[in-house]
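# Examining the three-dimensional arrangement
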Amino acid sequence: MLELYSLKKSFGQVNAVDDVTVTIEAGQMVGIIGRSGAGKSTLLRLVNRLIEPTNGSILFNGRDITKLWGRDLRLWRASCAMIFQQFNLVERMDVLTNVLIGRVAHQGPLSTVARRFREEERALAVQALDRLDLLSQALQKAGTLSGGQQQRVAIAKALVQRPEIMLADEPIASLDPANATRVMDALRKINREDGITVLVNLHTLDTARTYCDRIIAMRAGRIVFEGLPAELTRERLQAIYGIDGSDFELDESVTSTAIAPLTTSQSRQKTMA
Ligand SMILES: Nc1ncnc2c1ncn2[C@@H]1O[C@H](COP(=O)(O)OP(=O)(O)OP(=O)(O)O)[C@@H](O)[C@H]1O
Ligand SMILES: [Mg+2]
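Residues numbered from 1 in each chain as written. Chains lettered and ligands numbered in written order. Predicted model: local features only at pLDDT ≥ 70, side-chain atom pairs only at ≥ 80, totals over all residues. Heavy atoms only, no water.

You'll find the protein chain entered in an unreviewed UniProt entry as Phosphonate transport system ATP-binding protein, with Xaviernesmea oryzae given as the organism.

The following block contains the structure:
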């Protein structure tokens, strides 16, 4: 169980995350939605301690992870794997090596290149690739794969970390709808089969509704809704965001019903309030 209490992160005058208190039950898949600048990425970065909170605490199974440092902090970071919009793979290395890099987080700051991976680590990586239907690409350079395949490699890499939580920051924002579906399916599969808690930032409410057990909606650093997807009615949406559609990006100017293939910069421009 992940518990956030009065969590706050300020950057100068901006309260990126502002007094957030919420509990995420173990094994749930939780979608975080909100416009650009709402604080979604900052929230995930606080959880895996990429940034330090200005105030508040983060408890995981009762332990305050904001107090961890040294080896304990490294182990915590390994147990909450991050997935990013831009995949973060080493493009010139093959897929298998990229996945094995996920083990380094677990083992310590040894040079990946100099390091020889053990047989069982290789077996773990191969198994993860197989689960994500990527075995035949194992020896291909990561940069030659499609975006959707690269994101699934990133998920395989996260899996071999043996995480307890997976933090995915807009994992499908750069993908076309077909690849987006495969990536979201993969996230849900590992959530269901491995019991890994998934916290996923999404721009599209529809995706959150389809895949997530619960939805958290943020606005200006604050949680403005937390509950079951079915509870996020058109009326609530209207109250929160001033829109009544439920199937498009959280932006009045976007009317497409698809997962809009916007680039981040386009998306930012469009969603700037
Ligand atoms: N390192 C930083 N320095 C200064 N301000 C920051 C920093 N990181 C985030 N912010 C600010 O905090 C606010 C929340 O940013 P955040 O990236 O968490 O939003 P977001 O919901 O992830 O947006 P997006 O959908 O565009 O990714 C924004 O106003 C942003 O400009
Ligand atoms: Mg973000």
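Sheet architecture is open: 6 strands sit in the order S6-S7-S8-S3-S9-S10, paired in mixed fashion. Every interior strand has two partners, whereas the edge strands, strand S6 (80-84) and strand S10 (222-227), have only one. Adjacent strand axes in the sheet meet at a mean angle of 20° when their direction is disregarded. Note: S6 against strand S7 (residues 165-169), 5 bridges, orientation parallel. In the sheet register, Ala 81 faces S7, and the bridge partner there is Met 166. Running at roughly 155° to strand S8 (residues 197-202), helix H6 (residues 177-194) makes contact with strand S3 (29-33), S7 and S8 of the sheet. (Pairing = 2+ DSSP bridges. Helix = DSSP H or I, 4+ residues; strand = E, 2+ residues; numbered from the N terminus. Axes fitted to C-alpha atoms, helices over the stretch in contact; angles between N-to-C directions. Contact = heavy atoms within 4.5 Å.)

Let's shift gears to the pattern of salt bridges. Going through the model one piece at a time under the given rule, you end up with 11 salt bridges. A salt bridge links Glu 52 to Arg 49; its shortest N-O distance comes to 3.0 Å. Looking at Glu 52, the relative accessible area reads 37%, which means it is partly exposed. The closest approach of N and O atoms between Arg 131 and Asp 194, which form a salt bridge, is 2.9 Å. Of this pair, Arg 131 sits in helix H4 (residues 119-131) while Asp 194 sits in helix H6; the two residues are 63 residues apart in sequence, bridging distant segments of the chain. You can call Asp 194 partly exposed: its relative accessible area is 34%. Counted as one network, the salt bridges with shared partners bring together Arg 131, Lys 189, Glu 193 and Asp 194. (Salt bridge = Lys/Arg side-chain N within 4 Å of Asp/Glu carboxyl O. Buried < 20%, exposed > 50% of the residue type's maximum accessible area, 1.4 Å probe, protein only.)

Once that is clear, we can look at the side chain of Asn 179. Take Asn 179: it is sitting in helix H6. Residue class for Asn 179 comes out buried when judged on its relative accessible area of 17%. For Asn 179, the contacting residues outside a window of four places in its chain are Ser 146, Gly 148 and Gln 149.

Next up on the list: the site of ligand 1. Residues in close proximity to ligand 1 total 14 residues, the closest being Ser 36, Gly 37, Lys 40, Ser 41 and Thr 42. Take Thr 42: an N or O atom from its side chain is 2.6 Å from an oxygen atom of ligand 1. Protein coverage of the free-state accessible area of ligand 1, which is 630 Å², stands at 64%. Secondary structure elements with two or more residues in the shell around ligand 1: strand S2 (14-24) and helix H1 (40-47). With 3 residues, the single largest contributor to the shell around ligand 1 is H1. Partitioning the shell around ligand 1 into residue classes produces 4 nonpolar, 6 polar and 4 charged. (Near = heavy atom within 4 Å. Polar contact = N/O pair within 3.5 Å; in protein donor to acceptor, adjacent residues only side chain to side chain. Areas by Shrake-Rupley, 256 points an atom, 1.4 Å probe, with all protein chains shown as cover. Nonpolar A, V, L, I, M, F, W, Y, C, P; charged D, E, K, R; others polar.)

Let us now look at H1. Buried residues dominate H1, accounting for 6 of its 8 residues. Those residues of H1 that fall on the buried side of the exposure criterion are Lys 40, Thr 42, Leu 43, Leu 44, Leu 46 and Val 47. Just downstream of H1 lies Arg 49, where phi reads positive at about 65°.

Where helix H5 (residues 147-159) meets H6, the closest approach of the two axes is 9 Å, and the angle between their N-to-C directions is 15°. Our classification of the angle between H5 and H6 gives roughly parallel. Pair H5 / H6 crosses with right-handed handedness. Side by side, H5 and H6 meet where Gly 148, Gln 149, Gln 151, Arg 152, Ile 155 and Leu 159 of the first sit next to Asn 179, Arg 182, Val 183, Ala 186, Leu 187, Ile 190 and Asp 194 of the second. Partitioned by chemical class, the residues of the contact of H5 with H6 number 6 nonpolar, 4 polar and 3 charged. (Parallel < 35°, antiparallel > 145°, perpendicular 65-115°, else oblique. Left-handed = near helix turned anticlockwise from the far one by under 90°.)

Now for the nonpolar core. Counting residues in hydrophobic clusters, the biggest one holds 53 residues, and the most contacted among them are Ile 33, Met 166 and Leu 187. Listed in part, the 28 residues of the second largest apolar core include Val 17, Ile 32, Ile 51 and Met 82. (Core = buried A, V, L, I, M, F, W, Y, C linked by side-chain atoms within 4.5 Å.)

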